[in-house]
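# Structural description and commentary
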Amino acid sequence: MKQKNMKTKINLNISDERWNDRLPDAAALSDNIFHTVLNRLEPDILLEKDEILLNLELGNDDEIQALNRQFRQQDKPTNVLSFANIDDDDFYDELPDMKKVELGDIIIALETMEKQSIEQEVSFKDHFAHIFVHGILHLLGYDHMEEEEREQMEARQREILNGLSILR
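For the structure given in this document, a descriptive report is provided here.

Rules used in this analysis
- Residues numbered from 1 in each chain as written.
- Predicted model: local features only at pLDDT ≥ 70, side-chain atom pairs only at ≥ 80, totals over all residues.
- Heavy atoms only, no water.
- Helix = DSSP H or I, 4+ residues; strand = E, 2+ residues; numbered from the N terminus.
- Buried < 20%, exposed > 50% of the residue type's maximum accessible area, 1.4 Å probe, protein only.
- Contact = heavy atoms within 4.5 Å.
- Polar contact = N/O pair within 3.5 Å; in protein donor to acceptor, adjacent residues only side chain to side chain.
- Pairing = 2+ DSSP bridges.
- Axes fitted to C-alpha atoms, helices over the stretch in contact; angles between N-to-C directions.
- Left-handed = near helix turned anticlockwise from the far one by under 90°.
- Nonpolar A, V, L, I, M, F, W, Y, C, P; charged D, E, K, R; others polar.

### Considering the environment of Asn11
You can see Asn11 is positioned in strand S1 (residues 7-14). You can call Asn11 partly exposed: its relative accessible area is 29%. Between the C-alpha atoms of Asn11 and Phe132, which are 121 residues apart in sequence, the distance is 14 Å. Apart from residues lying up to four places away in sequence, Asn11 is in contact with Leu53, Leu54, Asn55 and Leu56. Among the polar contacts made by the side chain of Asn11, one reaches the side chain of Asn55 at a distance of 2.9 Å.

Okay, structure coming up:
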């Protein structure tokens, strides 16, 4: 990124112990992915900030289904949910005074992600990277509701994953 002393931090919570077996290097991998995303995108909203944070929970289908039902009125599990602080009305008003910026929360469901990695014939680790990049892009304001938005978000995902030597 353009700033020299910016630090990134992930508050990692592993709420399902099975993640420890499936992705024992989750903390280091997540940190690397987060740094790569920010270095590739250099988002303007983060310029001049001292620290960029996000919360990452590695959970399961039951947890994510409950959140999906509560916040999206969809009573089914999904691979990832992102709750972006930029969606809060006060975020941009408070941003100029922030030295630390908390981007938001990402929750990833083990069973759904594992099933998808098998179906797509990609490694669990590579699929995790893809899903986590997708979640970070949502925290940075990317979306895929409209075709043009989807194309832009997918192009960014491919660029970042290629930077991580993951071909999708």
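Following the structure, the description resumes.
### Here we look at the sheet that holds S1
If you walk across this open sheet you meet the four strands as S1-S2-S4-S3, and the pairing is mixed. Edge positions in the sheet fall to S1 and strand S3 (80-84), since each of these pairs with one other strand and no more. Ignoring which end each strand starts from, the neighbouring axes of this sheet average 15° apart. Where S3 meets strand S4 (residues 100-109), five bridges bridge the pair, whose relative direction is antiparallel. Counted as the bridge partner of Val80 is Ile108 from S4. Most of the contacts of helix H3 (residues 61-72) go to S3, to which it runs at about 50°, and overall it touches strand S2 (51-59), S3 and S4. Strands in contact with helix H6 (residues 124-139) are S1, S2, S3 and S4; relative to S4, the strand with the most contacts, it is inclined by about 140°.

### Some words on the packing of helix H5 (residues 110-119) against H6
Their axes nearest at 9 Å, the elements H5 and H6 cross at an angle of 115°. Note that H5 runs across H6; the crossing there is right-handed. Residue-level contacts link Leu110, Met113, Glu114, Gln116 and Ser117 of H5 to Phe124, His127, Phe128 and Ile131 of H6. Of the residues that constitute the contact of H5 with H6, the class distribution is five nonpolar, three polar and one charged.

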